[in-house]
Amino acid sequence: MKKLLIILLLAMSSLWTSTAAMAADPLTVRVGVYENEPRIFTDDQGKVAGFWPDIIEYIAAKEDWKIEYVHGTWDDCLKMLDNQEIDLMPNVANTPEWAAKFNFSNEPAYMTWAMVYAPAGTEITSILDLNDKKVAVMKGSNNVDGPEGIKSLAKEFNVNCTFIYLDNYLQVFEMLDSKSADAGVVGKDFGYTHDSDYNIIQTSIIFQPTKLYFAVPKEAALSTYLLGKIDTNLDQLKDNPHSIYFQSLRKWFGESSIGKTVFPDWAKWMLIGIGVITLLLAGGSSLLRYQVRKKTKELADDIEKRIKTENELRDSEEKLQLIVETVPLGLTINDTEGTILKANQAMLKLSGYTEEELTTKKLQELFIASDCEQIIETRKNILATGYNKSEVFTLLKKDGTELPVELVRAMVKDTGDTILGILAVIIDLTTQKQAEEARRKIYEYQEIDKHRTNLLSTVSHELRTPLASIKGYATMMLKYYNDLKKEQQWESLEAIDQSTDRLAELLDHLLDVTRLEAGLLKLNLQPVKPRAILLQAINEAKLRAPKYTFKVYIKRRLPMVTADAARFREIIDNILNNAVKYSSEGTEITVRAEVIADELQVSITDQGRGIAEGELNKIFDHFYRIEEKLEKDPGGFGLGLSLCKALTEAHGGRIWVESQINRGSTFYFTIRIKKSKPQEDDKQLSLNVPG
């Protein structure tokens, strides 16, 4: 019995280790505080409270830190953090701007988003309704100046609004309550906590989902140490559903988590320990029975002692077996070659096999073929290094059903350091995977709905101008037809005709873009002659724009390309039209076509105003138009280049632009050629014909 106890103690010590805490003077950590209830704020008793202080004070107590709170506005706290006047700032988004100044924890502690509120009775339903409005915001907030913040959204939709910068969200709600502002931006948690205290309403404008972290100064001596301790503690807190992390989430927000949902490590290793004890007790049981039988032969008067010992051992085995059989995780004991020696009821139910069937198999045979090699390799590494290992694989049930599982394995040794085998714990991840998939689909649906709403808002906005023009001229013709001169009548009809053409162009482009994105637009791919299509498009452009000079550099023999001739022409026309719209009369437009590798590359260069570097990545977006004022209104709806991009990529090609301010722009696109080695003439056709 003594020997068995020693074996059990050694097995338990191999799985649970502890370290002695080193006594030291408490470390003072300066933490920034601003008013943003319920995340972090000062309560009625003057005490710092909220979700973030709960987490900070728990970690401080565990790590023997002394917390010194430093109060200020949000903007003040960020400046103090940058100047190393404080050591730690909670509730900070990891944006490119702030990542240049601060280091962040690896683990996010919370996720939020921004919302727009308005005074009661106000009709604000979309971002477009903020045009010419006064919008109250908190100075320095990520939902104002950060990526996808309210300023970025306003610029993207050409919304002209005036921002009023305040020190905190309370001031934002106070301005809305007094109707000193038309709208206000706050974080969702502050809004849900305080909106009932004011005569305001929540609008349907929700934007910028953001993960929030702890931030520290980049060069401070304590920064690396603080982040290391914070990440370690956050990871442990998220693994325990009863931790202060989850208690604080429920207390302040009524939420459960943004973190990972996994089976707790302590439970995994506890079950591994149970398996170890089961294996060792099985060996110890046989040893004790043998010793008792030997004693019986030698000492007849020791029968009573032997019976008592066996009964105690049997009771112990039965209790341990009951625990192993009732745990909801699959357990197998395997030899060093991977053969299954024992499996519990949960494993039988999980795999669909009987115990007799399982004990004829190797562990890797229970998984899909692509996982087998990795399972064998990991087993060898465990035997070679003694380290435990956790991996995710796909279990193949007896009926052919596949299940996502986590496989945790640990080596088992006896007191003589002899390897007895490997204990495996199999955890079904089906529910977790389904939850993750559901969250992913919800996010996708939200993005689709957001895109649909933005598209409808923008389209309705773009339709107003031509419809207003048609309505205005038509009404004038109906009311004052007899009073108008013939030239005025003709001008009115011509304006109506042009506005109708603009509407038709918008609808055609919208239909093409929608069909492309939905995969419904079919290309009629055929071998075509690109040179003929290019020259035809250029000649027609010269007729439409006679005050421009077109220069053409195209080889006499270009190789055939595989393309839809009509869509290929549409790409060329759109880029040529843009070159005319965005450059002055009397300037040159240059068209080149050449073979590079296995592609035909076409370039169109204008001498217009050029495109700012910050807009180069946006001009291919739907409804995007250059913001700076031009000498003339170029017209259009911002769909031409997005359609060019979609059509080029549908052909397997690429499209991009190079530009310099006040010197012009060059648009390039490529189409794959039909033959790998096309025949072409070295001579080029060079035209310099005034329009």
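Here's what I pulled together on the structure shown here. Note that the coordinates shown come from a computational prediction; the quantities given were computed from them, not determined experimentally. (Residues numbered from 1 in each chain as written. Predicted model: local features only at pLDDT ≥ 70, side-chain atom pairs only at ≥ 80, totals over all residues. Heavy atoms only, no water.)

## Some points on the packing of aromatic side chains
- Counting across every chain of the model gives 18 aromatic pairs.
- Arranged with centres 4.9 Å apart and planes meeting at 80 degrees, the rings of Trp-52 and Phe-214 form a pair that is edge-to-face. Placement of Trp-52 in helix H2 (residues 51-63) and of Phe-214 in strand S11 (residues 200-217) is noted, with a sequence separation of 162 residues between them. Each member of the pair, Trp-52 together with Phe-214, is buried.
- Judged by centre distance (5.2 Å) and plane angle (10 degrees), the ring pair of Trp-656 and Tyr-668 falls under stacked. Pair noted here: Trp-656 is in strand S22 (residues 655-660) and Tyr-668 is in strand S23 (residues 664-672), with a separation of twelve residues, a long-range link.
- Taking relative accessible area as the criterion, Trp-656 reaches 24% and is therefore assigned partly exposed.
- Overall, Tyr-668 belongs to the buried group, its relative accessible area being 17%. (Phe/Tyr/Trp six-rings, centres within 6.5 Å; stacked < 30°, edge-to-face > 60°. Helix = DSSP H or I, 4+ residues; strand = E, 2+ residues; numbered from the N terminus. Buried < 20%, exposed > 50% of the residue type's maximum accessible area, 1.4 Å probe, protein only.)

## Quick word on the nonpolar core
- Formed by 58 residues in total, the largest nonpolar core has its most connected members in Phe-51 and Phe-173.
- With sequence-adjacent residues up to four places away left out, Phe-51 is seen in contact with Pro-38, Arg-39, Ala-109, Tyr-110, Tyr-245, Ser-248, Leu-249, Trp-252 and Phe-253.
- If you look at the next biggest cluster of nonpolar residues, it comprises 42 residues, including Ala-563, Ile-572, Ala-579 and Ile-589. (Core = buried A, V, L, I, M, F, W, Y, C linked by side-chain atoms within 4.5 Å. Contact = heavy atoms within 4.5 Å.)

## Focus on the sheet that holds strand S12 (residues 330-334)
- On the basis of which strands lie adjacent, the open sheet formed by five strands has the order S13-S12-S16-S15-S14 and antiparallel pairing. Either end of the sheet is taken by a strand with one partner, and the two such strands are strand S13 (340-343) and strand S14 (389-396). Adjacent strand axes in the sheet meet at a mean angle of 30 degrees, parallel and antiparallel pairs treated alike.
- Pairing of S12 with strand S16 (residues 419-428) involves five bridges; the strand directions are antiparallel. Bridging from a neighbouring strand, Thr-332 pairs with Ala-424 of S16.
- Of the strands in this sheet, S14, strand S15 (402-413) and S16 touch helix H15 (residues 369-385), which is tilted by about 150 degrees from S14. (Pairing = 2+ DSSP bridges. Axes fitted to C-alpha atoms, helices over the stretch in contact; angles between N-to-C directions.)

## Quick look at the side chain of Lys-238
- Relative to the helices and strands, Lys-238 resides in helix H9 (residues 223-239).
- A polar side-chain atom of Lys-238 sits 3.0 Å from a polar atom in the side chain of Glu-107. (Polar contact = N/O pair within 3.5 Å; in protein donor to acceptor, adjacent residues only side chain to side chain.)

## With respect to the environment of Ala-563
- By the element assignment, Ala-563 lies in strand S19 (residues 561-563).
- Residue class for Ala-563 comes out buried when judged on its relative accessible area of 0%.
- Along the backbone, Ala-563 and Pro-527 are 36 residues apart, and their C-alpha atoms lie at a distance of 6.5 Å.
- Once residues lying within four places of it in the same chain are set aside, the contact partners of Ala-563 are Asn-524, Leu-525, Gln-526, Val-528, Phe-568, His-651 and Ile-671.

## Things to note about the packing of H9 against helix H10 (residues 244-252)
- In contact at an axis separation of 7 Å, H9 and H10 are set at 70 degrees when each is read in the N-to-C sense. Taken as axis vectors, H9 and H10 run roughly perpendicular relative to one another. Residue-level contacts link Leu-234, Leu-237 and Lys-238 of H9 to Ile-244, Tyr-245 and Phe-246 of H10.
- Residue composition of the contact of H9 with H10, grouped by class: five nonpolar, no polar and one charged. (Parallel < 35°, antiparallel > 145°, perpendicular 65-115°, else oblique. Nonpolar A, V, L, I, M, F, W, Y, C, P; charged D, E, K, R; others polar.)

## Side note on the packing of helix H18 (residues 530-544) against helix H19 (residues 565-581)
- Running from N to C, H18 and H19 cross one another at 40 degrees; their axes reach a closest spacing of 10 Å. Comparing the axis directions of H18 and H19 gives the class oblique. When you trace H18 past H19, the crossing you get is right-handed. Residue-level inspection shows Pro-530, Ile-533, Leu-534, Gln-536, Ala-537, Ile-538, Glu-540, Ala-541 and Arg-544 of H18 in contact with H19, the latter providing Ala-565, Phe-568, Arg-569, Ile-572, Asp-573, Leu-576 and Asn-577.
- A per-class count over the contact of H18 with H19 returns ten nonpolar, two polar and four charged. (Left-handed = near helix turned anticlockwise from the far one by under 90°.)

## Structural notes on the pattern of salt bridges
- By the definition in use, this model includes 20 salt bridges.
- A salt bridge links Glu-540 to Arg-569, with the shortest nitrogen-to-oxygen separation between them at 2.4 Å. Here Arg-569 lies in helix H19 and Glu-540 lies in helix H18, a separation of 29 residues in the sequence.
- By relative accessible area, Glu-540 is classed as partly exposed at 30%. (Salt bridge = Lys/Arg side-chain N within 4 Å of Asp/Glu carboxyl O.)

## Notes on H18
- In this model H18 runs 21 Å from its N-terminal to its C-terminal C-alpha over 15 residues, within 8% of the 21 Å that 1.5 Å per residue would give.
- Along H18, the residues classified as buried are Pro-530, Ile-533, Leu-534, Leu-535, Ala-537, Ile-538, Ala-541 and Lys-542. (Expected span 1.5 Å × (residues − 1).)

## Focus: the pairing of S13
- Inspection of the sheet shows S12 paired to S13 by three bridges, in the antiparallel sense. The partner of Ile-333 across the bridge, within S13, is Lys-342.
- Connecting S12 to the antiparallel partner S13 that follows it, the hairpin turn spans five residues, and Gly-338 within it adopts a positive phi of roughly 95 degrees.

## Observations concerning the environment of Ala-597
- With respect to the helices, strands and loops of the structure, Ala-597 is situated in the loop between strand S20 (588-596) and strand S21 (599-605).
- Spatially, the C-alpha atoms of Ala-597 and Arg-672 are 9.4 Å apart, while their sequence positions differ by 75 residues.

## Considerations on helix H7 (residues 169-177)
- Along H7, the residues classified as buried are Tyr-169, Val-172, Phe-173, Met-175 and Leu-176. Relative to the axis of H7, the buried residues are bounded by an arc of 160 degrees and lie together on one face.
- The backbone nitrogen of Leu-170 lies 3.2 Å from a side-chain oxygen of the residue at the head of H7, namely Asn-168. (Arc of directions from axis to C-beta.)

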